[in-house]
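Residue-level listing of the chains:
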Amino acid sequence: MTLANEKGGHPLDLGEGRRVRSTTVICVRRGNSVVMAADGQVTLGATVMKHSAKKLRRLYNEKILAGFAGSTADAFSLFTRFEAKLEQYGGNLGRSAVELAKEWRTDKLLRQLQALLIVADAKQMFLLSGDGDVIEPDPVGDGTIATIGSGGSYAQAAATALIQNTQMSAREIVEKSMKIAAEICIYSNESVTLEELRAE
């Protein structure tokens, strides 16, 4: 059993009412900055199993940010494959994302991996799924937002309002949106890991 398993906000049923639920991951681009953050909570049924899980990674010489909602083991396997794609395609995020999604959807073993990923560099941002989805979010005001996980919709609503009605930086928007999500979603907490990239 993995410590965290979730796809698109739907919990994994482990039988007898035991379910693993977790995760709010958000990525915001505004100006020359892209910021990704994830909470650290892992919940099994009615019990918080862990407060400080790490759900973000820096890849490809720390030029790419990646965050996951889903099975920890599955996500790490996907991170490894994604980093191999980045090496193969010289750090081209879009091409690497498409190739990973194709392989994820068509490979018999990879199809069993239960996770959602957000990947971003200083210029692009994509949401990837095992159904072959490669989604580049539409701009919101003068920024871009992507979220996954059980608290993702709360974080996205907060970030959308902040982008449209304030001049806050990407980092400030992410920090505030994660706080709001944690106050609403019982499967998220305020133990947040945050990573930032800046366009050169």
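Please refer to the structure higher up on the page.
Right, let's walk through the structure included here. Since the structure is predicted, the reported quantities are computational estimates derived from the model, not experimental observations.

**Brief notes about the side chain of Asp-39**
Next up, step 1: Positionally, Asp-39 belongs in strand E5 (residues 33-39).
Next up, step 2: There is a polar contact of 3.0 Å between the side chain of Asp-39 and the backbone nitrogen of Gln-41.
Next up, step 3: Non-local contacts of Asp-39, meaning those with residues more than four positions away in its chain, are made with Thr-23, Thr-24, Ala-53, Lys-55, Met-178, Tyr-187, Ser-188, Asn-189, Ser-191 and Val-192.

**With respect to the packing of helix H3 (residues 152-165) against helix H4 (residues 170-184)**
Next up, step 1: For the pair H3 and H4, interaxial distance at closest approach is 8 Å and the crossing angle is 140°. Overall, the two elements H3 and H4 adopt an arrangement that is oblique. Between H3 and H4 the crossing geometry is right-handed. Residues Tyr-154, Ala-155, Ala-158, Ala-159, Leu-162 and Ile-163 of H3 touch H4, and the partners they reach there are Ile-173, Lys-176, Ser-177, Ile-180, Ala-181 and Ile-184.
Next up, step 2: Grouping the amino acids of the contact of H3 with H4 by side-chain chemistry returns ten nonpolar, one polar and one charged.

**Points about the packing of aromatic side chains**
How two aromatic rings sit relative to each other is set out by the distance from centre to centre and by the angle between their planes.
Next up, step 1: As enumerated under the stated definition, the model contains three aromatic pairs in all.
Next up, step 2: When the centroid spacing of 5.9 Å and the interplanar angle of 70° are considered together, the rings of Phe-68 and Phe-79 count as edge-to-face. Linking Phe-68 in strand E9 (residues 64-70) with Phe-79 in helix H1 (residues 72-88), this pair joins segments that are eleven residues apart in sequence. Each member of the pair, Phe-68 as well as Phe-79, carries the same accessibility label: buried.
Next up, step 3: Where Phe-76 meets Phe-79, the ring centres are 6.3 Å apart and the plane angle is 40°; that geometry is what we call tilted. With Phe-76 and Phe-79 both in helix H1, this residue pair falls three residues apart, about one helical turn.

Rules and cut-offs
- Residues numbered from 1 in each chain as written.
- Predicted model: local features only at pLDDT ≥ 70, side-chain atom pairs only at ≥ 80, totals over all residues.
- Heavy atoms only, no water.
- Helix = DSSP H or I, 4+ residues; strand = E, 2+ residues; numbered from the N terminus.
- Polar contact = N/O pair within 3.5 Å; in protein donor to acceptor, adjacent residues only side chain to side chain.
- Contact = heavy atoms within 4.5 Å.
- Axes fitted to C-alpha atoms, helices over the stretch in contact; angles between N-to-C directions.
- Parallel < 35°, antiparallel > 145°, perpendicular 65-115°, else oblique.
- Left-handed = near helix turned anticlockwise from the far one by under 90°.
- Nonpolar A, V, L, I, M, F, W, Y, C, P; charged D, E, K, R; others polar.
- Phe/Tyr/Trp six-rings, centres within 6.5 Å; stacked < 30°, edge-to-face > 60°.
- Buried < 20%, exposed > 50% of the residue type's maximum accessible area, 1.4 Å probe, protein only.

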